[in-house]
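# Remarks on the overall topology
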Amino acid sequence: MRLLITGGAGFIGSNLIHLLHRERPAWEVWNLDRLTYAANPQTVARLARLPRHRLICGDVADPVCVAACMDVDAVVNMAAESHVDRSLEDAARFLQTNVLGTQVLLQEATRRRIPRFLQVSTDEVYGEVLAGRSGEDSPPAPSNPYAASKAGADLLVQAWHRSHGLPALITRCANNYGPYQHPEKLIPRLILRALRGEPLPIFGDGAQVRDWIHVEDHCRGLLAALEHGAPGRTYNLGAEEERTNLAVARAILGHVGETGARIAHVADRPGHDRRYAVDAGRARRELGWAPRHRFDAGLAETAAWYAAERAWWEGLEPT
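Since this is a predicted model, take the numbers as computed values, not measurements. (Residues numbered from 1 in each chain as written. Predicted model: local features only at pLDDT ≥ 70, side-chain atom pairs only at ≥ 80, totals over all residues. Heavy atoms only, no water.)

### Looking at the packing of helix α7 (residues 186–195) against helix α11 (residues 295–308)
Applied cut-off: Axes here mean lines fitted to C-alpha atoms, for a helix over just the part in contact, with angles spanning 0 to 180 degrees between N-to-C directions. Labels follow the DSSP assignment, with helices taken as runs of H or I lasting at least four residues and strands as runs of E lasting at least two, numbered in each case from the N terminus. Roughly parallel means an angle under 35 degrees; roughly antiparallel, over 145; roughly perpendicular, 65 to 115; everything else is oblique. Crossings are classed by handedness, with left-handed meaning an anticlockwise turn of the near helix from the far one by less than a right angle and right-handed meaning a clockwise turn. Should any heavy atoms of two residues lie within 4.5 Å, those residues are counted as being in contact.
Running from N to C, α7 and α11 cross one another at 55 degrees; their axes reach a closest spacing of 10 Å. It follows from the interaxial angle that α7 and α11 lie oblique. Of the two possible hands of crossing, α7 and α11 adopt the one that is right-handed. Residues Ile-187, Pro-188, Ile-191, Leu-192 and Leu-195 of α7 lie in contact with α11, whose contacting residues are Phe-295, Leu-299, Thr-302, Ala-303, Tyr-306 and Ala-307.

### A few points about the nonpolar core
Going by this rule: What makes a nonpolar core is a set of buried Ala, Val, Leu, Ile, Met, Phe, Trp, Tyr and Cys residues whose side-chain atoms join them at distances within 4.5 Å. Buried, partly exposed and exposed residues are distinguished by accessible area as a fraction of the type maximum, computed with a 1.4 Å probe on protein chains only: under 20%, between the cut-offs, and over 50%, respectively.
Among the nonpolar cores identified, the biggest contains 56 residues, and Ile-5, Val-76 and Ile-187 are the most heavily contacted of them. Considering every element that reaches this core, the biggest residue donor is helix α8 (residues 215–228), with seven residues. Aside from chain neighbours lying at most four places away, what touches Val-76 is Leu-3, Leu-4, Ile-5, Thr-6, Leu-16, Leu-118, Val-120 and Leu-226. Residues Cys-69, Met-70, Trp-160 and Ala-168 belong to the second largest nonpolar core, which totals 23 residues.

### What to know about the sheet that holds strand β11 (residues 242–244)
Using the following cut-off: By definition, two strands form a pair when at least two bridges between them are found by DSSP.
Strand order in this open sheet of three strands is β7-β9-β11, and the pairing throughout is mixed. Whereas interior strands pair on both sides, the edge strands pair on one side only; in this sheet they are β7 (175–177) and β11. Ignoring which end each strand starts from, the neighbouring axes of this sheet average 50 degrees apart. Across three bridges, β7 lies against strand β9 (residues 209–214) in parallel orientation. Its bridge partner lying in β9, Asn-175 is registered against Trp-212.

### Here we look at the pairing of strand β2 (residues 28–33)
Applicable threshold: Orienting the strands away from the viewer, one traces the path from the first strand over the helix to the second; a clockwise path indicates a right-handed crossover.
Summarising burial for β2: five of the six residues are buried, a large majority. Relative to β2, strand β1 (residues 2–6) is paired through five bridges, and the arrangement is parallel. For Arg-2, the partnering residue across the bridge sits in β2 and is Glu-28. For the crossover that starts at β1, traverses helix α1 (residues 11–23) and ends in the parallel β2, the hand is right-handed. Strand direction decides the pairing type here: β2 and strand β3 (residues 53–57), joined by five bridges, are parallel. Residue Trp-30 lies in a different strand from β3, and its bridge partner there is Arg-54.

Quick look at the structure:
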């Protein structure tokens, strides 16, 4: 198996490549990544030491680049601009990578008759869910430019499957946490601030609820979908580990220990959804997948990882 992973130098992509190295060692992985700020050089260096891994520096929105690295058996598209705050400030690059990049990949995959195309998406496409859980047939209702760009990409994938017969499928996952996540995201941002004894900023009242899934569980779900998912299907991946942002911050303070860090409430961001939650029953039934990590233990392990890996995160942009 030769697998093209786009965005493989980022948080989820690098964790997926490490998982494949352990559990599918015969697979050859081609990793197409633009190596933006989200691709930590130390992460890239660690990936470079893995056998059967090839890093290709390039842009998924560049048809020439994509055509040059599509001699593969399957594609996992996780190249994405993903930070909501950045999308509120500059939506154009989110459309460029998330929508146009997906279209370029779909077009070339169709031309090459690639037998498997997995689009990695997010539960944010469903928008705010104040009660119950979003199912795969719930309509998209994105609240911010990032989520809108991912919803647009998902619709393109569905259209390519229906119009061109591309064997494509989609996964939509809850909020991830774990090692190698850039400190612009909530959990590493709070962990790093707690380690430094700095205030932990929480938007608004902190009552926003998210379902938290460990990145390794997400990656195992991606592998299950890639190997066993049905073309044309969408699979939600969630852990049913809902926490408010305020509860997450308090748990992090407990795991890091006394450093003088305290929670600081800051002005809420525009369009901040109060709750996301997905029904992952289809993935459990059809893929035989289930998360293995409980949030409290996984968060403690994650905090310990960042405490031990200062060389990995020191020097990243201010958090």
